[in-house]
Every structure is written in structure tokens, then in C-alpha cells.
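# Summary of the model geometry
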Amino acid sequence: HVKTLPAAPTLVRVTTVQASSVTLQWNPSEGADANYFVFPQRDDNGEWVEEATRVKEGGEAAELQVSGLVKGASYRFLVASSSPLGVGARSIPSFPVSTLESVPEPGPTPFASEPTISSL
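A short tour of the structure in this document, coming up.

What counts as what
Residues numbered from 1 in each chain as written. Predicted model: local features only at pLDDT ≥ 70, side-chain atom pairs only at ≥ 80, totals over all residues. Heavy atoms only, no water. Phe/Tyr/Trp six-rings, centres within 6.5 Å; stacked < 30°, edge-to-face > 60°. Buried < 20%, exposed > 50% of the residue type's maximum accessible area, 1.4 Å probe, protein only. Lys NZ or Arg CZ within 6 Å of the ring centre and 35° of its normal. Helix = DSSP H or I, 4+ residues; strand = E, 2+ residues; numbered from the N terminus. Contact = heavy atoms within 4.5 Å. Core = buried A, V, L, I, M, F, W, Y, C linked by side-chain atoms within 4.5 Å. Salt bridge = Lys/Arg side-chain N within 4 Å of Asp/Glu carboxyl O. Pairing = 2+ DSSP bridges. Axes fitted to C-alpha atoms, helices over the stretch in contact; angles between N-to-C directions.

## Quick word on the packing of aromatic side chains
Inspection of the entire model under this criterion finds 2 aromatic pairs. Look at Tyr 75 and Phe 77: their rings are 6.0 Å apart centre to centre, the planes differ by 15°, and that puts the pair in the stacked class. Each member of the pair, Tyr 75 as well as Phe 77, carries the same accessibility label: buried. In this structure, Arg 90 is placed above the aromatic ring of Phe 39, and the distance from its NZ or CZ to the ring centre is 3.6 Å.

Rendered as C-alpha cells:
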């Protein structure tokens, strides 16, 4: 039996989007040891620029919250799994998503006073 690097994970998808993070899920690959490398790529004027690689170590869930992203930027994500032989091929990129713009702090709660003759 010939040992090979693990296949690429499949169906990489973003399930939750925040201002500076997303939750990413994927289908695990055959032969992986549950360690995954996530490669975020940000759209910089039409060119995908790779940002810092994130690592998901162990565990049953094939998902990771990817934080430290630029607010309001467009991203796509690729995932690769590892085995004792090394890191396998990267997945097909996820569909691009945009992180949320920053959300303003809520203001004071409006207060309705009792109506008066002059306010009617």
C-alpha cells in the first residue's frame, strides 16, 4: 500500500460573516490527520493577495473561525489538510464574501415622555 499526501478538502464555504472574522466550514479529506491549514486571500484591486495562514489543529469539526480580517474587504478561502507525510493539495477556493463594514455603536434609547397639551 503506497502512502500519499491527503487529498484536498472539498466544499469550502463561509457560514457566518462578521466585521473582521468569518466562520469557515469544509468537508474533510481522506487520509488527513485532522490538522488543516486555511489560506485567506483578500481581493486587492482584482488580484487575490494571500494573508497569514491559519491552522486548525485536531478536533472533529471541520470548521474554523478566521479572525483578524479587514473590515469591508472581499475574501476567499482555501483549505489544505496534513498527514504524517506532509501538507496535501489546497482546495478549490470558496465563493468570495465581503466582511461587514464596522457597525456604529448604538445611541441612547429614545425616551417617550407623557404627552402634554402642547405636544398634541
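Now that the structure is up, let's keep going.
## Topic: the environment of Ser 67
Counting through the fold element by element, Ser 67 comes out in strand E6 (residues 63–67). Judged by its relative accessible area of 44%, Ser 67 is partly exposed. The sequence separation of Ser 67 and Ser 20 amounts to 47 residues, and the corresponding C-alpha distance is 6.0 Å. In contact with Ser 67, other than residues within four places in its own chain, are Ser 20, Ser 21 and Arg 54.

## Some remarks on the nonpolar core
One broad trend across soluble globular proteins is that nonpolar side chains are buried collectively. Ranked by internal contacts, the top residues of the largest apolar core, which has 15 residues, are Leu 24, Trp 26, Val 38, Val 66, Phe 77 and Val 79. Elements represented by at least two residues in this core include exactly strand E2 (21–27), strand E3 (36–44), E6 and strand E7 (74–83). Once residues lying within four places of it in the same chain are set aside, the contact partners of Val 79 are Pro 9, Val 12, Leu 24, Trp 26, Tyr 36, Phe 37, Val 38, Ala 89, Arg 90 and Ser 91.

## Some details on the pattern of salt bridges
Inspection of every chain in the model, using the stated rule, returns 2 salt bridges. Here Glu 51 makes a salt bridge to Arg 42, at a shortest N to O gap of 2.7 Å. Residue classification places Arg 42 among the partly exposed residues on the basis of a relative accessible area of 22%. Glu 50 is paired through a salt bridge with Arg 90; the nearest N and O atoms lie 2.8 Å apart. Placement of Glu 50 in strand E4 (residues 47–50) and of Arg 90 in the loop between strand E8 (86–87) and strand E9 (97–98) is noted, with a sequence separation of 40 residues between them. Take Glu 50: its relative accessible area is 36%, and that puts it in the partly exposed class. A residue is classified by how much of its surface remains accessible, and Arg 90, at 39% relative accessible area, is partly exposed.

## Thoughts on the sheet that holds E2
Hydrogen bonds between backbone groups are what pair the strands of a sheet, and the pairing can be parallel or antiparallel. Reading across the sheet, the 3 strands line up as E1-E2-E6 and stay open at both edges, with antiparallel pairing between neighbours. Taken across any chain shown, the strands that pair with only one partner, and hence form the sheet edges, are strand E1 (10–17) and E6. Put simply, the sheet's adjacent strands are angled 25° from each other on average, direction ignored. In terms of strand pairing, E2 meets E6 through 5 bridges, oriented antiparallel. If you follow Leu 24 over to E6, its bridge partner there is Leu 64.

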